[in-house]
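Single-letter residue listing:
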Amino acid sequence: MNANANGVSSEACGGCVLVRLRGEVDLSWSPQVRRAVLDALAQADAVGVDLSEVGYIDSSGIAALVEGLQQARTHGQRFVLVAVSDAVRAVLELARLDRVFTLVASPDEVTAPA
Amino acid sequence: MTRARARPGALRAPNADTAAHAPPCAQPADTLAFLAGLSQALAVSLDLRQTLEQAVTRVAGFMRVEAASLFLLDRASGVLECRISVGPVDVDGLRLAVGQGVVGRAVAENAVQIVADAATDARVWRAADEDSGFVTRSLVCAPLATAAGPIGALELVNRRDDRPFSDADAELLGIIAAPVALAINNARMAAELLEQQRLKREFELARHMQKALLPKRRRDDFPVLGVNRPAHEISGDFYDFFECADGRIGFVVGDVSGKGLDAALLMVRAASLLRWAGKDALAPGAWLARVNDELCETAQGGRFVCALVGYCDHEARVVRFAGAGFPPVVVHRGDVLTEYPAGGPPLGILPDLAFEQHTVALDGGALYAFTDGATDVRDVHGRRLGGAGVRALIARHAALPPQARLRALLGELKDLQLVDDTTLLIVEAARACAPDLLLERHFAADAAELRGVRQALRQALDALGIEPRLRDRLVLAVDEACANVIRHGYGPGCRGDIGLRLLRDGAQLSFELSDHAPCVEAARLRPQPLGECRCGGLGLALIDEVMDDWSIEPAAGGRGNLLLLRKRIESLDEEEAGEA
């Protein structure tokens, strides 16, 4: 696969699901990102979205994450962003959403701390 | 020469306390402890002079000698001077040539000297004893050796037990001298480093000062602009322009011979004189003659100033100029490049000179003046660019607007090897300001196209030198605008194109998006407040946040929209005098 190609994959890990995104999240595939996030929330009570390999995200990508967060809140689930790249963090800050999401450094922190 | 002086009441019989002392360096353990203590004291020293004084006193005590002294070499004069002396005779300030006496020889040969019997040894320089009445019986002297050669010597006189110095004494003194030399050398290097840092700061200040002397770029339709690029910290080049009382515009380009601080100072003086004389609205030849006479009264050391001065009217229809030792001026009119060799000799050499002047109708063309730094640049083979090379560069970039052209010319010169300060000045009528078109792209209104659009936009913004954080925000805002056109303008199932243009006018960037979608009512476009956790309207809010302002209007012809995003980038404003 092309090194900077877009991609989404999900893996279950001990009671949680980690959704890994790669590439540039924009209007061309943010609907798939949204689907993957909502599917993950249907499977587990803790969902992490790994953004370490994301070099760009637009408002439609942010919207997919916001929808995931709202869904999780409604159902009392945990929803975190994992290893947020600088590019994504800059957009979250610009949108004043960096404090709305729970940001964690590693996939180990997806399940709630004891 | 400083004479040796007996310290009051200090002279005494040489053998006075011999009996009380064991021979020097009796115990290796004592020696080690002494060396360790001495090294430690020297290593932590803040006040080297005081520490050395204590060190020499300790050495004299440990070695049980009557007198000890430390000499340092002044590299420039090659003279050794006694800086510290302990014992009955004060020889501070005593000066010896390298090679003179036992001390001079230790330094000259970079080897320890032992004199068992001073009375018969030819190496001993006896004048000191004759002055003071002190009797030197035996001597040992070690050079203070460093990697760069000896920097002085440490000398001991007369063992208190009245025996001559031995080879063991000499060896020990050699060992003691090592940390002393190291400490002095370190202190000197630290002082030199401080001095270098101080000079660097001074040069930095001088550079800022010089830069401040260059005129600010004029934003209006001013017909003169310039750029200066020093080859080193400070420049011998300068340019200036100003408006005279009668509405004419005066301009100056100058180049002071030589480099370095003296050239920079003369540059400041020459720049002031040229501006002062130019404001009197003298004819260019008389202008140069007046400054030449002034400089001749004060210029020194073979320094001189090459300069070009002139006037133009506000529309740059006619230019009058005169040169002094300045490279030929190039006028580009139509497709023709004409050279005008600039008149007289440089300023500041001979008074009472006349300077030939030229009057040239520009007819919409441009006049280029450049210091010899421009023609002296070297290509990869070390060849000078020369006048022909500069003319070729001018022809190549003629289509660009003046400021962009100046940047492009300087950029080309910088790609070659700048060996001298370089200054360029253009006189040209301001054009009806067409903004620079930096990017134009047409693409299908399809989200799959956005990645390529962002890439092209990033490159165009990088070429402007916009810092990455701001660049990424601008790219995001334009991407959001494109996404809105695709999603809401055309909508699902509706095909069409989007045109994107990036324009720059000075520090003002404009992003134009045109489409053929149904006309949008601007009033219906409402961003959501940022920070709110909702899914819609975020794109518009981001555009609002990043751009200074935006507007949307129906395209000419009834169908389609023109969306205009604007952002002023202050860093684009700073670069003109800027390159200086």
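Residues numbered from 1 in each chain as written. Chains lettered and ligands numbered in written order. Predicted model: local features only at pLDDT ≥ 70, side-chain atom pairs only at ≥ 80, totals over all residues. Heavy atoms only, no water.

### Regarding the overall build of chain B
No. 1: Of the regular secondary structure elements, chain B holds 14 helices and 23 strands.
No. 2: Since a compact globule built from 580 residues should have a radius of gyration of about 25 Å, the 39 Å found for chain B marks it as more spread out than a globular shape.
No. 3: The principal-axis extents of the C-alpha atoms in chain B amount to approximately 120 × 75 × 45 Å.
No. 4: Burial statistics for chain B: of 580 residues in total, 47% are counted as buried.
No. 5: Sequence separation of at least 24 residues holds for 65% of the intrachain contacts in chain B that already meet a minimum separation of 6.
No. 6: Of the roughly 26900 Å² that chain B leaves accessible, carbon and sulfur atoms contribute 53%.
No. 7: Charged side chains of chain B number 65 positive and 79 negative; the gap between the two group centres comes to 2 Å. (Helix = DSSP H or I, 4+ residues; strand = E, 2+ residues; numbered from the N terminus. Rg over C-alpha atoms; globule rule 2.2 N^0.38 Å. Buried < 20%, exposed > 50% of the residue type's maximum accessible area, 1.4 Å probe, protein only. Contact = heavy atoms within 4.5 Å. Areas by Shrake-Rupley, 256 points an atom, 1.4 Å probe, with all protein chains shown as cover. Lys, Arg positive; Asp, Glu negative; His and termini not counted. Charge placed at Lys NZ, Arg CZ, Asp CG, Glu CD.)

### Let's talk about the overall build of chain A
No. 1: Secondary structure summary: chain A contains three helices and five strands in total.
No. 2: Order of helices (α) and strands (β) in chain A, N terminus to C terminus: β-β-α-β-α-β-α-β.
No. 3: Against the 2.2 N^0.38 benchmark of 13 Å for 114 residues, chain A shows a C-alpha radius of gyration of 13 Å, consistent with a compact globule.
No. 4: Once the C-alpha set of chain A is aligned to its principal axes, its extents read approximately 35 × 35 × 25 Å.
No. 5: When burial is assessed residue by residue, chain A has 51% of its 114 residues classed as buried.
No. 6: Residue pairs at least 24 apart in sequence account for 65% of intrachain contacts in chain A once pairs closer than 6 positions are excluded.
No. 7: If you sum the accessible surface of chain A, you get close to 5100 Å²; carbon and sulfur atoms cover 46% of it.

### Considering the pattern of salt bridges
No. 1: Overall, the coordinates contain 34 salt bridges over all chains when judged by the stated rule.
No. 2: Arg-137 of chain B is the salt-bridge partner of Glu-66 of chain B, the closest N and O atoms lying 3.3 Å from each other. With a gap of 71 residues between them, Glu-66 of chain B in strand β2 (residues 65–74) and Arg-137 of chain B in the loop between α4 (127–132) and β7 (139–143) connect regions that are remote in the sequence.
No. 3: The exposure class assigned to Glu-66 of chain B is buried, which follows from its relative accessible area of 9%.
No. 4: The class of Arg-137 of chain B is buried, set by a relative accessible area of 18%.
No. 5: The closest approach of N and O atoms between Asp-462 of chain B and Arg-471 of chain B, which form a salt bridge, is 3.0 Å.
No. 6: On the basis of relative accessibility, which here comes to 39%, the residue Asp-462 of chain B falls in the partly exposed class.
No. 7: When salt bridges with common partners are traced through the structure, they connect Glu-24 and Asp-26 of chain A together with Arg-451, Arg-454 and Asp-479 of chain B into a single cluster. (Salt bridge = Lys/Arg side-chain N within 4 Å of Asp/Glu carboxyl O.)

### Structural notes on the interface of chain B and chain A
Interface size is often expressed as the accessible area that is lost when the parts come together.
No. 1: Facing 26 residues of chain B, the contacting portion of chain A comprises 23 residues.
No. 2: Both sides of the chain B and chain A interface together cover about 2100 Å² of buried area, and 59% of this is carbon and sulfur.
No. 3: With a closest N to O distance of 2.9 Å, Arg-96 of chain A and Glu-545 of chain B form a salt bridge.
No. 4: Taken together, the connections running from chain B to chain A amount to six residue pairs in polar contact (both at pLDDT 80 or more).
No. 5: Residue assignment for the side of chain B that touches chain A shows that the elements contributing at least two residues are α11 (450–463), α12 (468–490) and α13 (538–546) of chain B.
No. 6: Among the elements that make up the side of chain B that touches chain A, the one with the highest residue count is α12 of chain B (nine residues). (Buried area = accessible area lost by both parts, 1.4 Å probe. Polar contact = N/O pair within 3.5 Å; in protein donor to acceptor, adjacent residues only side chain to side chain.)

### Description of the packing of aromatic side chains
Residue and element names in this part refer to chain B.
No. 1: Tallied over the full model, the rule gives six aromatic pairs over all chains.
No. 2: Aromatic side chains Trp-287 and Tyr-311 sit 4.9 Å apart centroid to centroid with 35 degrees between the ring planes, which places their arrangement in the tilted category. With Trp-287 in helix α7 (residues 284–298) and Tyr-311 in strand β12 (residues 305–312), the pair connects residues that are 24 residues apart, well separated along the chain.
No. 3: Here Trp-287 falls in the buried class, since its relative accessible area comes to 0%.
No. 4: Given the relative accessible area of 2%, Tyr-311 is considered buried.
No. 5: Each residue in the set Phe-222, Tyr-239 and Phe-241 is aromatic and connected to the rest through ring pairs, giving one cluster.
No. 6: Here the basic side chain of Arg-248 rests over the ring of Tyr-311, its NZ or CZ set 4.2 Å away from the ring centre. (Phe/Tyr/Trp six-rings, centres within 6.5 Å; stacked < 30°, edge-to-face > 60°. Lys NZ or Arg CZ within 6 Å of the ring centre and 35° of its normal.)

### A look at empty space enclosed by the protein
Residue and element names in this part refer to chain B.
No. 1: Taken as a whole and judged by the stated rule, the model has six cavities of 30 Å³ or more.
No. 2: Considered as a void within the structure, the largest cavity measures approximately 370 Å³ in volume.
No. 3: Looking at the largest cavity, it is lined by 26 residues, and the ones nearest its centre are Ala-128, Asp-129, Thr-136, Glu-155 and Val-157.
No. 4: Of all the secondary-structure elements, those providing two or more residues to the lining of the largest cavity are β2, β3 (79–86), α3 (101–109), α4 and β8 (152–159). (1 Å grid on protein atoms, 1.4 Å probe; cavity = no way out; pocket = protein on both sides within 12 Å on 5 of 7 lines; lining within 4 Å. Points joined across faces, edges and corners; volume = space filled by probe spheres on them.)

### A few points about the side chain of Asp-436 of chain B
Residues and elements named next belong to chain B.
No. 1: With respect to the element layout, Asp-436 can be found in strand β19 (residues 436–444).
No. 2: Although Asp-436 is buried, it makes no salt bridge; Arg-407 carries the closest opposite charge, 4.4 Å away.
No. 3: Setting aside residues no more than four positions away along its own chain, Asp-436 makes contact with Pro-401, Ala-404, Arg-407, Leu-502, Leu-503 and Arg-504.

### Overview of helix α3 (residues 86–94) of chain A
No. 1: Turning to α3 of chain A, its buried residues number three or more, namely Val-88, Val-91, Leu-92 and Leu-94 of chain A. The buried residues of α3 of chain A occupy one face: seen down the axis, they fall within an arc of 165 degrees.
No. 2: Looking at the packing, one finds that the buried side of α3 of chain A touches β3 (46–57), α2 (59–74), β4 (78–82) and β5 (102–104) of chain A together with α12 and α13 of chain B.
No. 3: Just beyond α3 of chain A, the residue with positive phi is Arg-96 of chain A, at close to 60 degrees. (Arc of directions from axis to C-beta.)

### What about the confidence of the model for chain B?
Residues and elements named next belong to chain B.
No. 1: For chain B, per-residue confidence averages 85 on the pLDDT scale, and residues scoring 70 or more make up 91% of the total.
No. 2: Mean pLDDT across the secondary structure elements of chain B bottoms out at strand β1 (residues 5–6), with 64, and peaks at β7, with 96.
No. 3: For residues 10–23, every residue scores under 50 in pLDDT, and the model assigns this stretch 25 contacts once sequence neighbours within four places are set aside. (pLDDT = per-residue confidence, 0-100.)

### Topic: the side chain of Ser-69 of chain B
All names here are of chain B.
No. 1: In this structure, Ser-69 sits in strand β2.
No. 2: Looking at Ser-69, the relative accessible area reads 4%, which means it is buried.
No. 3: Not counting residues up to four positions away in its chain, the partners in contact with Ser-69 are Val-56, Cys-82, Ile-84, Ser-85, Val-91, Ala-153, Leu-154 and Glu-155.

### As for helix α9 (residues 386–396) of chain B
Residue and element names in this part refer to chain B.
No. 1: Restricting attention to buried positions, one finds in α9 the residues Gly-386, Gly-389, Val-390, Leu-393 and Ile-394. Buried residues of α9 fall within an arc of 140 degrees about the axis and therefore sit on the same side.
No. 2: Elements in contact with the buried residues of α9: β14 (329–333), β15 (336–340), β17 (366–370), α8 (372–375) and α10 (402–415).

### Here's the deal with the packing of helix α6 (residues 261–278) of chain B against α7 of chain B
All names here are of chain B.
No. 1: At a minimum axis separation of 9 Å, α6 and α7 run at an interaxial angle of 145 degrees. The handedness of the crossing between α6 and α7 is right-handed. Of the residues in α7, those in contact with Leu-266, Arg-269, Leu-273, Leu-274, Trp-276, Ala-277 and Gly-278 of α6 are Trp-287, Leu-288, Arg-290, Val-291, Glu-294, Leu-295 and Thr-298.
No. 2: Looking at the contact of α6 with α7 residue by residue, the classes come out as nine nonpolar, two polar and three charged. (Axes fitted to C-alpha atoms, helices over the stretch in contact; angles between N-to-C directions. Left-handed = near helix turned anticlockwise from the far one by under 90°. Nonpolar A, V, L, I, M, F, W, Y, C, P; charged D, E, K, R; others polar.)

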